[in-house]
Amino acid sequence: MYIAQEESFGPVMVISKFKNGDVDGVLRRANTTEYGLASGVFTKDISKALYISEKLEAGTVFINTYNKTDVAAPFGGFKQSGFGKDLGKLFSPSLISHLTVQINARTT
């Protein structure tokens, strides 16, 4: 699906079906894109969400929310979305793959 492979900027959200329990298949599909700025995970299972956030190749992972960021949090994507973060205060070759996870812990 073209829209799921491009880095679209705007009010766009791709929602795709997957077989129940096929988390690794979803991760493979999500990580095949050449971009990795941000991603979102919506689930009631916080353990599963944390597992997925560790495996996604994205600079920011939102859990049960989207686009709510803290300006003090590290920012930058992976792959083709990662240009520019090497000039930030946190730059270090060993830290270049930092990940920011934003979690909405509210249960309502």
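Rules of the game
- Residues numbered from 1 in each chain as written.
- Predicted model: local features only at pLDDT ≥ 70, side-chain atom pairs only at ≥ 80, totals over all residues.
- Heavy atoms only, no water.
- Phe/Tyr/Trp six-rings, centres within 6.5 Å; stacked < 30°, edge-to-face > 60°.
- Buried < 20%, exposed > 50% of the residue type's maximum accessible area, 1.4 Å probe, protein only.
- Helix = DSSP H or I, 4+ residues; strand = E, 2+ residues; numbered from the N terminus.
- Pairing = 2+ DSSP bridges.
- Right-handed = clockwise from strand over helix to strand, strands pointing away.
- Core = buried A, V, L, I, M, F, W, Y, C linked by side-chain atoms within 4.5 Å.
- Contact = heavy atoms within 4.5 Å.

Under the annotation held in an unreviewed UniProt entry, the protein chain carries the name AL1L2 dehydrogenase and is attributed to Chionis minor.

Brief notes about the packing of aromatic side chains
Applying the stated criterion across every chain yields a total of 1 aromatic pair. Judged by centre distance (4.7 Å) and plane angle (55 degrees), the ring pair of F62 and Y66 falls under tilted.

Comments concerning the pairing of strand β2 (residues 38-41)
A regular strand places its side chains on the two faces of the sheet in alternate fashion. Here β2 shows a buried face lined by S39 and V41 and an unburied face lined by A38 and G40. Alignment of β2 against strand β3 (residues 60-63), held across 4 bridges, turns out to be parallel. The residue of β3 that forms the bridge with G40 is F62. In this fold, β2 hands off to helix α3 (residues 46-55), which returns the chain to β3; that crossover is right-handed.

Observations concerning unusual backbone geometry
For N67, which is not glycine, the phi torsion reads 65 degrees and is therefore positive. The residue N67 is located in the loop between β3 and β4 (78-79) in this model. One non-glycine residue, K79, lies in positive phi territory at about 55 degrees. Within the fold, K79 resides in strand β4.

Some words on the nonpolar core
One broad trend across soluble globular proteins is that nonpolar side chains are buried collectively. Of all hydrophobic cores here, the largest spans 8 residues; its members are V23, L27, V41, A49, I52, L56, V61 and I63. At the level of elements, α2 (23-31), α3 and β3 are the ones that each hand at least two residues to this core. Among residues more than four places away in sequence, those in contact with V41 are A49, I52, L56, V61, F62, I63 and N64.

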